[in-house]
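# Close look at the chain arrangement
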Amino acid sequence: MTGGASPEDLVRAIRAAGARDERLLEAVRATPRAGFVPADQVVVAYEDEPIPIGHGQVTTQPSLSARMIEGLGVAGGDHVLEIGTGLGFQTALLARLAADVVTIERWPDLARQARWNLARHGVGNVELLIGDGSRGVPDHAPYDGILVSAAFPEVPPPLVEQLRLGGHLVQPIGSGGQEEVVLFQRTVTGLERRQVLTLARFVRLHGRYGFPD
């Protein structure tokens, strides 16, 4: 049961938060968030709120995911890297918009659940890995876009190196708690800050190029 709410309620909330990309809104309609949350949270799946998923982690609020994805400007032919799979809802949205998605999750049990969620909803253009997201996934680089769902005061150098020239990266910049969600673009001189998309609270990015475990 989902309390009478539906994906269309989520679409309305995301549109009200400022999202305008119709491809993105259609992806939200086509992706049942109830299939990407813990069983005891299904009743609130279509509320525009983060949901706890264990290990002190929460899902990204859907309207915030939408702002980040829209800022990334994902095109149909893009090869995208996502740092922080969670239970796979944001991954599924990216997969509906891009050619393919490489996603990396720190926690093996979350990764297993996300893999099952994606498979049972027919999302096949995703490669899900377990590991240190701050290192990126160099074997599959370069990426047209990189979306980081955890906070650190700077963009980890490996992610900059794995982003193609002209590609975009979205990351919460801060120490975890109140961040600027920033859109960057890689240029011939390095990574350039383009726009603050919104303010938000995120968990910390841990790993070799993030906060220590």
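Quick note: structure is the one above.
A few points on the structure. This one's a predicted model, so the numbers in the text were calculated from it and none came from an experiment.

For the chain, the helix and strand inventory stands at 6 helices and 9 strands. For 213 residues, the compact-globule estimate of 2.2 N^0.38 gives 17 Å, and the C-alpha radius of gyration of the chain, at 16 Å, lies within 12% of that figure. In terms of principal-axis extent, the alpha carbons of the chain reach across some 50 × 35 × 35 Å. Out of the 213 residues in the chain, the part that is buried amounts to 51%. Of all intrachain contacts in the chain linking residues separated by at least 6 positions in sequence, the fraction that spans at least 24 positions is 53%. Accessible surface, the chain as shown: approximately 9300 Å² in total, 51% of it carbon and sulfur. With 20 positive and 25 negative side-chain charges, the chain shows a separation of 1 Å between the mean positions of the two kinds.

Here we have 7 strands laid out as an open sheet, ordered β5-β4-β3-β6-β7-β8-β9, and mixed in their pairing. Pairing within the sheet leaves two strands with one partner each, and these edge strands are β5 (126-130) and β9 (190-200). With strand direction ignored, the average angle separating the axes of adjacent strands in the sheet is 15 degrees. Relative to strand β6 (residues 143-148), strand β3 (residues 79-83) runs parallel, the two sharing 4 bridges. Bridge pairing in β6 links Leu81 to Ile146. Sheet strands touched by helix α5 (residues 108-120): β4 (100-105) and β5. Its angle to β5, the strand with the most contacts, is close to 165 degrees.

In this structure, the largest pocket encloses a volume near 740 Å³. In terms of lining, the largest pocket is formed by 43 residues, of which the most central are Val58, Thr60, Ser149, Phe202 and Val203. Broken down by secondary-structure element, the contributors of at least two residues to the lining of the largest pocket are β2 (57-58), α3 (62-72), β3, α4 (89-97), β4 and β9. Residue contributions to the lining of the largest pocket peak at 4 residues, all from α3. Looking at the lining of the largest pocket residue by residue, the class counts come to 19 nonpolar, 17 polar and 7 charged.

So, about the nonpolar core. Ranked by size, the top nonpolar core spans 45 residues in total, and within it Ile69, Val74 and Val181 carry the most contacts. For this core, the secondary structure elements donating two or more residues are α1 (7-16), α2 (22-30), α3, α4, α5, β5, β8 (179-187) and β9. By size, the runner-up hydrophobic cluster in this structure holds 20 residues, among which are Ile146, Leu169, Val182 and Phe184.

All right, on to α5 then. For α5, built from 13 residues, the straight-helix expectation of 18 Å at 1.5 Å per residue is met to within 8% by its first-to-last C-alpha distance of 18 Å. Structurally, α5 contributes buried residues whose contacts are with β1 (52-54), β2, α4, β4 and β5. In the segment just after α5, Gly122 is the residue with positive phi, at about 75 degrees.

What follows covers the pairing of β4. Across the 6 residues of β4, 5 count as buried, placing the element largely inside the fold. Examined bridge by bridge, β3 and β4 share 5 bridges and lie parallel to one another. Directly across from Ile83, in β4, lies its bridge partner Ile104. At this point the chain moves from β3, through α4, to the parallel β4, and the crossover so formed is right-handed. As defined by bridge partners, β4 adjoins β5 across 5 bridges and the pair is classed as parallel. For Ile104, the partnering residue across the bridge sits in β5 and is Leu129.

Bringing the packing of α1 against α2 into the picture now. Following both chains from N to C, one finds α1 and α2 inclined at 150 degrees, their axes separated by 8 Å at the closest point. It follows that α1 is roughly antiparallel to α2 by the angle criterion. Here α1 and α2 pass one another in a crossing that is right-handed. Across the interface between the two elements, Pro7, Glu8, Leu10, Val11, Ile14 and Arg15 of α1 pack against Glu22, Leu25, Val28 and Arg29 of α2. Across the contact of α1 with α2, the residue classes break down as 6 nonpolar, no polar and 4 charged.

Rules behind the numbers
- Residues numbered from 1 in each chain as written.
- Predicted model: local features only at pLDDT ≥ 70, side-chain atom pairs only at ≥ 80, totals over all residues.
- Heavy atoms only, no water.
- Helix = DSSP H or I, 4+ residues; strand = E, 2+ residues; numbered from the N terminus.
- Rg over C-alpha atoms; globule rule 2.2 N^0.38 Å.
- Buried < 20%, exposed > 50% of the residue type's maximum accessible area, 1.4 Å probe, protein only.
- Contact = heavy atoms within 4.5 Å.
- Areas by Shrake-Rupley, 256 points an atom, 1.4 Å probe, with all protein chains shown as cover.
- Lys, Arg positive; Asp, Glu negative; His and termini not counted.
- Charge placed at Lys NZ, Arg CZ, Asp CG, Glu CD.
- Pairing = 2+ DSSP bridges.
- Axes fitted to C-alpha atoms, helices over the stretch in contact; angles between N-to-C directions.
- 1 Å grid on protein atoms, 1.4 Å probe; cavity = no way out; pocket = protein on both sides within 12 Å on 5 of 7 lines; lining within 4 Å.
- Points joined across faces, edges and corners; volume = space filled by probe spheres on them.
- Nonpolar A, V, L, I, M, F, W, Y, C, P; charged D, E, K, R; others polar.
- Core = buried A, V, L, I, M, F, W, Y, C linked by side-chain atoms within 4.5 Å.
- Expected span 1.5 Å × (residues − 1).
- Right-handed = clockwise from strand over helix to strand, strands pointing away.
- Parallel < 35°, antiparallel > 145°, perpendicular 65-115°, else oblique.
- Left-handed = near helix turned anticlockwise from the far one by under 90°.

In short, geometric facts, not functional conclusions.
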